[in-house]
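The primary structure of each chain is shown beneath.
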Amino acid sequence: MRRVGIRCDASVGRGVGHLMRCLALAEELRERRLEVVVLGDMGGLEWAAEQLARRGLRLLPGPGDAAAMVRAARRLALDAVVVDSYDLDPRCSGALRRAGVRVLAIVDDDDRGQDADIYLDQNLGAERGPGRAPAGSVRLAGVRYALLRDDVRRLRRRGPTEPGRSPRVLCFFGGTDAAGAAPVVVGELIATGVPFLATAVTPRERALDHLQPAGGQAIRRIPPTDDLPRLIAAADLVVTAAGSSMWDLLYLGKAAALVWVAANQRPGYEEVVSRGLAAGLGHLDAMAGTAGPARACLRDLLTSARAREELGARGPALVDGEGRARVADALLSP
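In this report, we go over the structure that sits alongside the text. Just so it is clear, the structure is predicted and the values come from calculations on it, not from any experiment.

### Focus on the nonpolar core
Move 1: Counting residues in each nonpolar core, the largest one holds 35 residues, and the members touching the most others are L19, L29, V82, L104, L120 and V327.
Move 2: The set of elements that each furnish at least two residues to this core consists of β1 (3-8), α1 (17-31), β2 (35-39), α2 (46-54), β4 (80-84), β5 (102-106), β6 (118-121) and α12 (323-332).
Move 3: The biggest single contributor to this core is α1, with eight residues.
Move 4: Ranked by size, the runner-up nonpolar core spans 32 residues in total, among them C171, F173, F196 and C297.

See below:
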């Protein structure tokens, strides 16, 4: 095998989660001297396109139907294709297999009728799920196969908050914050009345302008950034959505408080929270303007360095950073 195609998209509505985990696998494959081509649409997101350019990955249009997908695979002499999409016609996978192209489908619980050689579900608890790969296929399930980028893997866990310093809080909700979570969550942080230093990542320039921090609270807004892994490593508390970035947080040993903003995030959210790996804030819509459990949870995490330390200490034992190597081994195996 010498050339692999990755079929994924990014946009304001879809977010960039599919792209980020595919980039991790692309980095691993290139370390093994394979050529990687990305087939997809970045939805006009300059930041997403820059992620590809920075890694020297070529971006070509992403075919949307089976016949076009096969033509592209033949034109590019692809030996394998990685498919990571909720929207792509599932018949594409089967057509590629019949054309002699090896297919790895990255799925989240539901394989959406795809016909693949390898199914990857990197979510916590997926190994206990009922899903079984069809005869002749392989299923890789659980955080043992979590795909982490180089930017994350090179970082290491830092110590607790220094005594006397306000906790550093990082809030981010994917590359686009499609649900508009940042102002809701930052508003709840303010409502705790506890001092903190917060960085909120959102592409909306004036999203936080209406918020009034209390005494001892400081907030800065930044656009989506390549520096996110370093910001995570430097934070004392991370507030984010229950997406694939959770595996980054577990690997880095970060105390995290999660919201869920889409139905497909809820199973992963409930699994992580029930196992005590992150604090649960509930659904985003239930948080705004209510002095309920979410606000009390944030207050406890802001005021107790010990609670944050205990919460963050549980993750590194689960996510060792070698998931992408295990996935690549399966993809490249005869």
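### Side note on the sheet that holds strand β9 (residues 196-201)
Move 1: Spatial strand order, β10-β9-β8-β11-β12-β13: six strands in an open sheet with parallel pairing. Two strands lie at the open edges of the sheet, namely β10 (217-222) and β13 (279-283), each paired on one side alone. Each neighbouring strand pair of the sheet contributes to a mean axis angle of 15 degrees, computed without reference to strand direction.
Move 2: In terms of strand pairing, strand β8 (residues 168-172) meets β9 through five bridges, oriented parallel. Looking at β9, one finds that L170 is bridged to T199.
Move 3: Most of the contacts of helix α8 (residues 245-252) go to strand β11 (residues 237-241), to which it runs at about 160 degrees, and overall it touches β8, β11 and β12 (256-260).
Move 4: With respect to the sheet, helix α10 (residues 293-303) is in contact with β8, β9, β11, β12 and β13, its orientation differing from that of β13 by roughly 155 degrees.

### Details of the sheet that holds strand β7 (residues 138-141)
Move 1: If you trace the seven strands from one edge of the open sheet to the other, you get β3-β2-β1-β4-β5-β6-β7, paired in parallel fashion. Looking at the sheet topology across the chains shown, the edges are occupied by β3 (58-60) and β7. Going across the sheet, the axis of each strand differs from the next one's by a mean of 20 degrees, ignoring polarity.
Move 2: Pairing geometry for β5 and β6, over three bridges, is parallel. From the neighbouring strand, I106 faces β6, where its bridge partner is L120.

### Let's talk about the pattern of salt bridges
Move 1: A complete count under the given rule lists 32 salt bridges for this structure.
Move 2: The shortest N-O distance in the salt bridge between D329 and R32 comes to 2.7 Å. Pair noted here: D329 is in helix α12 and R32 is in the loop between α1 and β2, with a separation of 297 residues, a long-range link.
Move 3: In this structure R32 comes out as partly exposed when scored by relative accessible area, which is 29%.
Move 4: Salt-bridge contacts for D320 lead to R326; the nearest nitrogen and oxygen are separated by 2.7 Å.

### Quick look at the side chain of T202
Move 1: Positionally, T202 belongs in the loop between β9 and β10.
Move 2: Not counting the four nearest positions on each side in its chain, T202 is found in contact with D177, A182, A207, R221, I222, P223 and P224.

### What about the side chain of Q51?
Move 1: Mapped onto the elements, Q51 comes out in helix α2.
Move 2: For Q51, a relative accessible area of 2% gives the class buried.
Move 3: Excluding residues within four positions of it along the chain, Q51 makes contact with M20, L23 and D226.

### Considerations on the packing of aromatic side chains
Move 1: For the structure shown, the criterion picks out zero aromatic pairs.
Move 2: Lying across the ring of Y145, R144 places its NZ or CZ 5.9 Å from the centre.

### Some remarks on the packing of helix α3 (residues 66-75) against helix α4 (residues 91-98)
Move 1: For the pair α3 and α4, the least separation of the axes is 8 Å and the interaxial angle reads 40 degrees. Between α3 and α4, the angle falls in the class oblique. As α3 packs across α4, the resulting crossing turns out to be right-handed. Only R91, C92, A95 and L96 of α4 make contact with α3, whose side of the interface consists of A66, M69, V70 and A73.

### Digging into the environment of A255
Move 1: Position of A255 among the secondary structure elements: in the loop between α8 and β12.
Move 2: Put simply, A255 and L189 are 66 residues apart on the chain and 15 Å apart in space, counted from C-alpha to C-alpha.
Move 3: The contact partners of A255, leaving out residues within four places of it in the chain, are D236, L237, V238, R308, L311 and G312.

### Some details on the packing of α1 against α12
Move 1: At their nearest, the axes of α1 and α12 sit 9 Å apart, and the two run at 65 degrees to each other. α1 and α12 meet at a crossing whose hand is right-handed. Contact residues: A24, L25, E27, E28, L29 and E31 in α1; R324, A325, V327, A328 and L331 in α12.
Move 2: For the contact of α1 with α12, a count of residues per class yields seven nonpolar, no polar and four charged.

### Observations regarding unusual backbone geometry
Move 1: We note that R33 has phi near 65 degrees; this positive angle belongs to a residue other than glycine.
Move 2: Position of R33 among the secondary structure elements: in the loop between α1 and β2.
Move 3: Its relative accessible area of 79% is what places R33 among the exposed residues.
Move 4: Backbone geometry at A77 places phi at a positive 55 degrees, although glycine is not the residue there.

Definitions and limits used
Residues numbered from 1 in each chain as written. Predicted model: local features only at pLDDT ≥ 70, side-chain atom pairs only at ≥ 80, totals over all residues. Heavy atoms only, no water. Core = buried A, V, L, I, M, F, W, Y, C linked by side-chain atoms within 4.5 Å. Buried < 20%, exposed > 50% of the residue type's maximum accessible area, 1.4 Å probe, protein only. Helix = DSSP H or I, 4+ residues; strand = E, 2+ residues; numbered from the N terminus. Pairing = 2+ DSSP bridges. Axes fitted to C-alpha atoms, helices over the stretch in contact; angles between N-to-C directions. Contact = heavy atoms within 4.5 Å. Salt bridge = Lys/Arg side-chain N within 4 Å of Asp/Glu carboxyl O. Phe/Tyr/Trp six-rings, centres within 6.5 Å; stacked < 30°, edge-to-face > 60°. Lys NZ or Arg CZ within 6 Å of the ring centre and 35° of its normal. Parallel < 35°, antiparallel > 145°, perpendicular 65-115°, else oblique. Left-handed = near helix turned anticlockwise from the far one by under 90°. Nonpolar A, V, L, I, M, F, W, Y, C, P; charged D, E, K, R; others polar.

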